[in-house]
Amino acid sequence: MDLSLTKDEEKFRAEVREWLASELPPETAEKIKLGIVVKKPEMIAWHARLRERGWLAPNWPVEYGGAGFGIMQRHIFDMECRAAHAPPSMAFNFHMIGPALIAFGRPEQKDYYLPKILADEHWWCQGYSEPGAGSDLAAVQTRAVRDGDEYVVNGSKIWTSAADIANHIFCLVRTDPQAKKQEGISFLLMEMDSPGIEVKPLIALNGRRLWNIVTFDDVRVPVSNILGQENRGWTVAKKLLGDERLFVSRVSENTRILAILKEVCAAESSNGRSLIQDDPAVSMQVADLEARLKALEMTSLRILAEADAGGRIGAEPSMTKLLGSHMIQDIDELMYRAIAYYGAPDHKGFLFHGENQLPVGPDYAVGITSGQQHHRGYTLAGGTSEVQRGVLAKAVLGL
C-alpha cells in the first residue's frame, strides 16, 4: 500500500500551511506552545477565522456548512494545525454532536442546532461517564422518566470537560431500566441552564479546572430533544465514537510535542554540552521516540487509507490509541528530565488564572510540568489502556 501523499494532498497541505502562517495569531500559537490556557473569547475569535475560510467543521458535509474533508484531508489538516500550535476547535461541537445530528437528527433538529453550532452560539459538553460507570458507558444509571411531553432526568455525570463554559450538554440516559445493559439507553439534548442542573469543578493534577461533575435533580427536558429513537441511544453513541476512534492515535499531538522536546534538548546542556547533540543517552532516546512515532504514523495512515476506501476497521484503533497515549507520556518524561530543576516551580497561576507572576526559568520550561501532569490522563481518557488491551486480546488474539 502506497501511503505517500498524492499530488492533490500535497497541494492541500501546502494550502493549509500557508493559510495558518498568515491567519493564526502568533500570541495564540505561543500560548498553546507554552501550555497557557486559551480562554473562550480567544477561541471564538479563532473559530471565526476558520469559519470564514470554511474549515471550522472539517468533517461536516458542505451542505451543512462544513468543509467536506475526506479522512486523509482531515488527517493532513490536523497535522498542520498541530504543528503550527493552533488551538484545536471545540471537539464536542464539531467532531461529536454535529456529526451525530447530521446522521440521526430530524430535519427540524438539524435546522435549529447546526447553524447555532457553526455560529458559536451553542457550546456543548458530553455527558457520558458516571461515578461507577467510567469506561463502561453501557452501565449508565442516570434516569430519564417520561412524564407527558417531557422527560424527568435524575443522576450525575463525571469527568465532564467544558461543562463550566458550555450552554448545552448531550447525555446518555437510561429510559428503560428493565432492558439489557446496552439497550434501554437514549441520547438526550439538554440546555445547561435548565432548572435542576448543577455543575461542580474537578481540579486536575496541574491545578487546572479541566473536568466537572454535573448533577441532574428532576430536570425537565422536552421529549422532542431526544436524538434518534427512544431506547436506541447506544446506536447514536457508537456511531459518534466510531467516527472519532480513527483519530485517537494522537499522531499530530505527539509530533507537535516531539518538536518541542527537540527544541528543549537543543537549548539545555549538561556540563556545557547540548543534550541533543553531545549527550549520547539523550540523543538515542530522542531517536527512539522519532522511530516509534514514524511507525505509529504509518500504521495510522494505513488505517485511514483503508477507511477512506470504504474498508472495514476492526480493533486497530485500540492499538494506535494505546501506543499514542503512552508515547506522549514518554516524551513528557524525557522533556521533564531535560529541564531538571526548572520543573519544580508551580506556575499554575500564570498558566491558568492570568496571574502576572514572573515565571522561573526559560519560557519553554514554564508549561512542561503542567503538560506532563495533564497527559497522565491520556491513558485513561477515551478508554483506559486496560480496556484497549482487553479489546485487542479479545478481537485479535481470541482470548
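Quick summary incoming for the structure in this document. Since this is a predicted model, take the numbers as computed values, not measurements.

Criteria and thresholds
Every chain is numbered independently, its residues counted from 1 as its sequence is written. In view of the model being predicted, local features appear only for residues whose pLDDT reaches at least 70, and side-chain atom pairs are presented and counted only at 80 or more, with totals across whole chains, interfaces and linings using the full set of residues. Side-chain figures throughout are based on the complete set of non-hydrogen atoms in the structure, without hydrogens or water. Here, patches come from residues exposed beyond 30% relative accessible area and free of salt bridges, joined within 9 Å for like charges and within 5 Å for nonpolar side chains (Val, Leu, Ile, Met, Phe, Trp, Tyr). Here the Shrake-Rupley method, with its probe set to 1.4 Å, supplies the accessible areas, and only the displayed protein chains count as covering residues. For this analysis, a salt bridge means a side-chain nitrogen from Lys or Arg found within 4 Å of a carboxyl oxygen belonging to Asp or Glu. In this text, helices come from DSSP runs of H or I with a minimum length of four residues, and strands from runs of E with a minimum of two, each type numbered from the N-terminal end. Here's how the labels work: a residue is buried when its accessible area is under 20% of the maximum for its type, exposed when over 50%, partly exposed in between, all with a 1.4 Å probe on protein chains only. One requirement defines pairing of two strands: DSSP has to find at least two bridges between them.

### A word on a nonpolar patch on the surface
Here is step 1 of the chain: Taken together, the side chains of V396, L397 and L399 present a nonpolar region at the surface, about 370 Å² in accessible area.
Here is step 2 of the chain: One can find L397 in the segment after α14 (385-395).

### A closer look at the pairing of strand β5 (residues 185-191)
Here is step 1 of the chain: For β5, the tally of buried residues reaches six of seven residues, placing the bulk of the element in the interior.
Here is step 2 of the chain: For strand β4 (residues 168-174) and β5, the ladder comprises seven bridges, and the chain directions are antiparallel. Paired with H168 across the strands is E191, a residue of β5.
Here is step 3 of the chain: Pairing between β5 and strand β8 (residues 226-227): two bridges, direction antiparallel. Across the sheet, F187 pairs through a bridge with L227, a residue of β8.

### Focus on the pairing of strand β7 (residues 209-222)
Here is step 1 of the chain: Where strand β3 (residues 150-157) lies against β7, seven bridges are found, and the strand directions are antiparallel. Of the residues in β7, the one forming a bridge with G155 is F216.
Here is step 2 of the chain: In terms of strand pairing, strand β6 (residues 197-203) meets β7 through seven bridges, oriented antiparallel. In the strand pairing of β7, I203 is matched with R209.
Here is step 3 of the chain: Count of turn residues in the β6/β7 antiparallel hairpin: five residues, of which G207 carries a positive phi of about 90°.

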